[in-house]
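Reading the structure
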Number of protein chains: 8
Amino acid sequence: MKTAFFAAAMGLAAAPALAQDAFVEFRALTPELAQRAATAAMEHCRAEGYQVGVTVTDRFGVPQAFVRDRFAGAHVHETSFRKAWTAVSFRTPTTELAEATKAGTDASAIRNLSQALPLGGGLMIVAGDGDVVAGIGVSGAPSPDLDDVCAEAGIAEIEMEIAF
Amino acid sequence: MKTAFFAAAMGLAAAPALAQDAFVEFRALTPELAQRAATAAMEHCRAEGYQVGVTVTDRFGVPQAFVRDRFAGAHVHETSFRKAWTAVSFRTPTTELAEATKAGTDASAIRNLSQALPLGGGLMIVAGDGDVVAGIGVSGAPSPDLDDVCAEAGIAEIEMEIAF
Amino acid sequence: MKTAFFAAAMGLAAAPALAQDAFVEFRALTPELAQRAATAAMEHCRAEGYQVGVTVTDRFGVPQAFVRDRFAGAHVHETSFRKAWTAVSFRTPTTELAEATKAGTDASAIRNLSQALPLGGGLMIVAGDGDVVAGIGVSGAPSPDLDDVCAEAGIAEIEMEIAF
Amino acid sequence: MKTAFFAAAMGLAAAPALAQDAFVEFRALTPELAQRAATAAMEHCRAEGYQVGVTVTDRFGVPQAFVRDRFAGAHVHETSFRKAWTAVSFRTPTTELAEATKAGTDASAIRNLSQALPLGGGLMIVAGDGDVVAGIGVSGAPSPDLDDVCAEAGIAEIEMEIAF
Amino acid sequence: MKTAFFAAAMGLAAAPALAQDAFVEFRALTPELAQRAATAAMEHCRAEGYQVGVTVTDRFGVPQAFVRDRFAGAHVHETSFRKAWTAVSFRTPTTELAEATKAGTDASAIRNLSQALPLGGGLMIVAGDGDVVAGIGVSGAPSPDLDDVCAEAGIAEIEMEIAF
Amino acid sequence: MKTAFFAAAMGLAAAPALAQDAFVEFRALTPELAQRAATAAMEHCRAEGYQVGVTVTDRFGVPQAFVRDRFAGAHVHETSFRKAWTAVSFRTPTTELAEATKAGTDASAIRNLSQALPLGGGLMIVAGDGDVVAGIGVSGAPSPDLDDVCAEAGIAEIEMEIAF
Amino acid sequence: MKTAFFAAAMGLAAAPALAQDAFVEFRALTPELAQRAATAAMEHCRAEGYQVGVTVTDRFGVPQAFVRDRFAGAHVHETSFRKAWTAVSFRTPTTELAEATKAGTDASAIRNLSQALPLGGGLMIVAGDGDVVAGIGVSGAPSPDLDDVCAEAGIAEIEMEIAF
Amino acid sequence: MKTAFFAAAMGLAAAPALAQDAFVEFRALTPELAQRAATAAMEHCRAEGYQVGVTVTDRFGVPQAFVRDRFAGAHVHETSFRKAWTAVSFRTPTTELAEATKAGTDASAIRNLSQALPLGGGLMIVAGDGDVVAGIGVSGAPSPDLDDVCAEAGIAEIEMEIAF
């Protein structure tokens, strides 16, 4: 079973990662951009009438920014972080991972890992050249696909800055 | 998928929570009322022939009162707390959340959070003006819907006091 | 949904547990009997060709005896304990609880508790007068129902001693 | 090093616990008494001007009652439970255990166990005949010895009922 | 031992918290103020040459805002949160709690709780009328007292807004 | 239900493990062989275009070697270890265990154990005489069955050395 | 600082562990011997008037046998296991490790590991030829050095069987 | 208290990390170099007569390579990882952090974090231009300072490759 959601991962070896080099290079967002994305995602949800929490992590899943709206539940701190962590660790939007790990699938045990959370609302943030540079997770909207919409609004907020 | 169980959350933004205010205000039960509700729920179950444990938390999920009947199992301390925590954090009765997170649904990974417990028996306690002021969780009855009945009896016990 | 597996719990209130009494009384096995039951269960499985671990707990789920056969896996320490703990805490054989908490059922979130393990092989040990006095859990046989058979052999070993 | 705090344990073998008996008998408080003790301890602290949480467990450390005063911190749910659990598991007041496990002592690693909490405020509740029948833990007073005073007030509340 | 660090707690009962009232009222910061305080604390540290993370929680310890500077370590997400949580739960600056719980003190086992972190850098945020309305935790400066200085800068940023 | 995946376990008692012997003997790989197998598995995946992590454990599940390719996700450290641990503890390839523990099966609660991970990519390493001498787990390929292929390539690398 | 307690480890390389060999060989006790040692340790403590729990693990720290006396506390299941695990993992009696890791020493952070328990009562069981073949941990005696005495009695019980 | 061990952190702001840039850049070792360093550290210890485990992580603490010698204890998987993680997260050799967090110091509560391990044997791996590019942790030598020596040998092995 080769599902679509692993497609990004499969293309990786094409990147110029030659064994003879000593180093691998990575990029992360500045904290200012991370905060802007998180705040924009929260405000988009608020405008829609949803109370959410948002976490932005670097591409290794280490949190950079978090904000929780006034009536969002206590769980969104854990939930939004784990969604962002999952999206960058698996290089897959969590909505796709939710589908690919449903009960009965071959990969369903991914749900038993200590940090992975295959629940919509987690996306990679990708630079203009295709590099994954961060993850964003939104939690608290009435459904996971609405969390996704807010996450996308957060990414849109910084799109210009990460275009190159 | 916009399930009914998130409806309460969606209405939140209508509350007078303006960004220019410095503070958000919350109310919680007194410990005396929390205990009365927990005890009434336990006694209702006992009268029905069930041995249960009951936790009442404030609206942030911090426990205020717990009581366990003499033959109720060791698990009810954890179970009743997590049911109450889940109801107030998600602003949803746990029976609804159980339905909405069943295996195969988009939101099923909520079951993998560290504290959430989508298992009937957890309810919000709502003041007369519609404010969520506490959560109650019951565990040990022969089925989750019977846990719900006892939780409702616990709320009924303090209904007059929280009417305004 | 009132499944059969809660029947034992429902009968509890019929026991002479009057509110005016200060104390509730409980009985537990001696460590010698606990060991005998555990060893007999292991030996029965060994005779069948299975390598298992067995835990006997008191009626509160606190372990009293454990033994692991020479090739039984590292997981049986946790598994056999949690099976015994689950059987006495829920007053239900774990095979029944496995059925009652399957994916899609109302009670399936019981599987998300920190200690409960709805996996066949855990039984209550009941004295001749109907009192639950211990729990036994077996892990490592080729299937949960075979674990059950060995657990029953462990109980049979001490049946005479706990008849009264 | 034979410290005083283990003295109670050393006397245990004098109890009539003969190997040939099948059963060991235990007693626990009714939930009503457990609640009365917890409430009395909280009210004593409140009268002194302290905001606390109180847990009463049975003699195996399983919680029976908990109450938290209105301004007591979020930590008292864990703290009061673990104090009571520690007192009954080690058969030692936690103030004695705090002394006996201080940094530099032979027994200091007891502080690294997952549940033990050698912090004053945890006491055994002992029946008139010397049997340990419950544990009580208080948390939130300005110092551990003041937690102890409130715990003693909780025990005094039910002293008559458990005298025989 | 009645150390100074519990003084705030001792004064609590003087607040108008009468048992006959059904409710207790609390206030929390808006997410906008929480973010401003966190960002100001981070920027103050950055200006001093330190790379830190900052969490602001509400008065129950639930996180509202977090930001991590670009070279701050992976641990600051946990550390800054637990400092803020500890300050509001114990109603004590963590520097005072660090002193009061040092090895050898009566209260040293507080260090063994699952969330408490008696390490300087955690402060209560107090409204003009004396109410605790939030907690702030800073982690990553060269020493805990420098973390404190940045936390104070974060509070100063919102001082005017919470004066009444 | 006697599924095929327990067949290996059932044959165990046929081994010369007589109760009168004091000792049971086990063999493990040298660290050099463990590293060679892990590296070969990673390189096979890399050649296929997949970025993975690989853990080799001894037959008790204690890790001996781990390697993670440059773009493999943060989760592969946990995932590859738990796959290898699961294969040797249950004496079953994790792909078989995934099938045998799917939602709805009798054995599905195995997924709730703290370390077991029924997710393809974990295999036993078996010496020429049939003895289990190690476990190998691969994580990061586009699907669990592709993880299996890389794990097999790791075993093939050391096949000659463990033939006797 | 090279303390004596690491001496055993230092001699290891003298064993014939040549890199060119594919395998390393280990021996473990039969479950019958493990149980005999555990029971003998418990009975020795009981004769002295102490109520203890005893765990015997194989040389990798995987439990083989456990027994708890009738009044021993709930903590001894965890404590006795971790003592045995620690003794075999560090190849050091836990009383020596307690001394070597006291507050203020270079190695004191060993106390912060998840499983290590530097608390007297844990010993290696060594075969006649010097091989470590098991670990034993005793918990519940009035002091750690008395736990040690009972552990030694457990080893003495099987001394003849493991002499060769 | 401004101890020397934070000196590296204090110099960070001098790096060209301007707020107006969208990205921060990081470098990590290739897996091949990570393995070479880990193996060299293990072999250096083996030559000295010590049996150790070694983990190399990237600069965010995510593991890249691990190897354990044949008689090294089960704890070295956790220990070596946490040492490396701690060194890179705190940008401080763990021997310095052990000194700076000893019982009684202001920073001693760092020992209560979930992952930090202030125990000698953990070092940063620094590129020729001063950038931290990885962490290395060694565990199992007779004392933490000897673990340090082996870690340094591991770094020396790859010194030429990371000089520029």
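Refer to the structure above for everything that follows.
If you're wondering where the values come from, they're calculated on a predicted model, not measured in any experiment.

Comments concerning the overall build of chain A
- The helix and strand inventory of chain A stands at five helices and five strands.
- When the helices and strands of chain A are read in sequence order from the N terminus, they spell out α-β-α-β-β-α-α-β-β-α.
- Taking all 164 residues of chain A together, 68% fall into the buried category.
- Taking all contacts inside chain A whose residues are at least 6 apart in sequence as the whole, residues at least 24 apart take part in 65%.

A closer look at the sheet that holds strand 2 (residues 53-58) of chain E
- Read across the sheet, eight strands follow the order 4(A)-5(A)-2(A)-3(A)-3(E)-2(E)-5(E)-4(E) without closing on themselves; strand pairing throughout is antiparallel. Of all strands in the sheet, those bounded by a partner on one side alone are strand 4 (122-126) of chain A together with strand 4 (122-126) of chain E. Ignoring which end each strand starts from, the neighbouring axes of this sheet average 20 degrees apart.
- As judged from the five bridges shared by strand 2 of chain E and strand 3 (residues 63-68) of chain E, these two strands associate in the antiparallel manner. Looking across to strand 3 of chain E, one finds that Val56(E) is bridged to Ala65(E).
- Where helix 3 (residues 76-90) of chain E meets the sheet, its contacts fall on strand 3 (63-68) of chain A together with strand 2, strand 3, strand 4 and strand 5 (132-139) of chain E, and the angle it forms with strand 5 of chain E comes to roughly 145 degrees.

Points about the interface of chain D and chain C
- Each partner contributes to the interface: chain D provides 19 residues, whereas chain C provides 20 residues.
- Around 1700 Å² of area is buried between chain D and chain C when both sides are counted, 67% of it from carbon and sulfur atoms.
- Considering only the surface of chain D that becomes buried against chain C, Ala22(D), Phe23(D) and Phe60(D) emerge as the three largest contributors, covering 34% of it.
- Applying the counting rule to chain D against chain C returns zero salt bridges.
- Our count for the chain D to chain C interface comes out at five residue pairs in polar contact (both at pLDDT 80 or more).
- Ranked by residue count, the leading element in the side of chain D that touches chain C is strand 1 (residues 23-29) of chain D, at seven residues.
- Its residues placed into classes, the side of chain D that touches chain C shows 13 nonpolar, one polar and five charged.

Observations concerning the relation of the copies chain G and chain D
- Aligned on chain D, chain G shows an RMSD of 0.0 Å; the corresponding rotation is 90 degrees and the shift along the axis is 0.0 Å. As the rotation angle and translation indicate, the two copies are arranged about a four-fold axis. Looking at the rotation axis and the C-alpha trace of chain G, the residue lying nearest is Ala103(G), at 4.1 Å.
- The two copies present different faces, since only 4% of the interface residues in chain G are matched by interface residues at the equivalent positions in chain D.

Description of the relation of the copies chain D and chain C
- By a simple turn and slide, chain D fits onto chain C: the slide is 0.0 Å along the axis, the RMSD is 0.0 Å, and the turn is 180 degrees. What we have between these two chains is a two-fold relation. Among all residues of chain D, the one whose C-alpha sits closest to the rotation axis is Phe26(D), at a distance of 2.5 Å.
- Interface residue correspondence from chain D to chain C reaches 100%, placing this contact among same-surface, isologous pairings.

A look at the packing of aromatic side chains
- Considering all chains together, one arrives at 20 aromatic pairs over all chains under this definition.
- Taking the centre distance of 4.8 Å and the plane angle of 85 degrees together, the rings of Phe26(G) and Phe60(G) count as edge-to-face. Of this pair, Phe26(G) sits in strand 1 (residues 23-29) while Phe60(G) sits in the loop between strand 2 (53-58) and strand 3 (63-68), and the two are 34 residues apart along the sequence. Exposure class is identical for Phe26(G) and Phe60(G). Each is buried.
- For the ring pair Phe26(G) and Phe71(H), a centre distance of 6.1 Å and an interplane angle of 80 degrees mean the geometry is edge-to-face. In this pair, Phe26(G) is assigned in strand 1 and Phe71(H) in the loop between strand 3 (63-68) and helix 3 (76-90), connecting two distinct chains.
- A relative accessible area of 4% places Phe26(G) in the buried class.

A look at helix 2 (residues 31-48) of chain C
- In a regular helix each residue adds 1.5 Å, so 18 residues correspond to 26 Å; helix 2 of chain C covers 26 Å between its end C-alpha atoms and thus fits that length.
- Within helix 2 of chain C the residues assigned to the buried category are Pro31(C), Leu33(C), Ala34(C), Gln35(C), Ala37(C), Ala38(C), Thr39(C), Ala40(C), Ala41(C), Met42(C) and Cys45(C).

A short note on the interface of chain G and chain D
- Taken together, the contact pairs 25 residues of chain G with 29 residues of chain D.
- Carbon and sulfur atoms supply 62% of the area buried between chain G and chain D, which totals about 2300 Å² over both sides.
- Note that Lys102(G) is salt-bridged to Asp106(D), the shortest N-O span being 3.7 Å.
- Taken together, chain G and chain D are joined by four residue pairs in polar contact (both at pLDDT 80 or more).
- When contributions to the side of chain G that touches chain D are tallied by element, the ones reaching two or more residues are helix 3 (76-90) and helix 5 (144-157) of chain G.

Scoring rules and cut-offs
Residue indices follow the written sequence of each chain, beginning from 1 at its first position. All chains are assigned letters beginning at A, and all ligands numbers beginning at 1, according to the order in which they are written. Confidence filtering applies because this is a predicted model: local features only for residues at pLDDT of at least 70, side-chain atom pairs given and counted only at 80 or more, and all residues used for totals across whole chains, interfaces and linings. Only hydrogens and water are set aside when side-chain values are computed; all heavy atoms of the structure are taken into account. To qualify as a helix, a DSSP run of H or I must reach at least 4 residues; to qualify as a strand, a run of E must reach at least 2; elements of each kind are numbered from the N terminus. Three labels apply to residues, based on accessible area from a 1.4 Å probe with only protein chains included: buried if under 20% of the type maximum, exposed if over 50%, partly exposed otherwise in between. Residue contacts are counted whenever heavy atoms from the two residues lie within 4.5 Å of one another. Two strands are counted as paired when DSSP detects at least two bridges linking them. Note on geometry: axes are lines fitted to C-alpha atoms, helical ones only across the stretch in contact, with angles between N-to-C directions running from 0 to 180 degrees. By convention, the term buried area covers the 1.4 Å-probe accessible surface removed from two parts as they join, with the contributions of both added. Salt bridges are defined by distance alone: a side-chain nitrogen of Lys or Arg within 4 Å of a carboxyl oxygen of Asp or Glu. Under the rule applied, a polar contact is a pair of N or O atoms within 3.5 Å (in protein, one hydrogen donor and one hydrogen acceptor; residues adjacent in sequence only if both atoms are side-chain atoms). Amino acid classes used here: Ala, Val, Leu, Ile, Met, Phe, Trp, Tyr, Cys and Pro are nonpolar; Asp, Glu, Lys and Arg are charged; the rest, including Gly, are polar. To line up the copies, we fit them by least squares on C-alpha atoms, keeping just the residues with pLDDT of at least 70 in both. A pair of aromatic rings is counted whenever rings of Phe, Tyr or Trp (Trp by its six-membered ring) have centres within 6.5 Å, and the orientation is called stacked for planes under 30 degrees apart, edge-to-face for over 60 and tilted otherwise. The span expected for a helix works out to 1.5 Å for each residue beyond the first.

The quantities given are spatial measurements derived from coordinates; they are silent on function.
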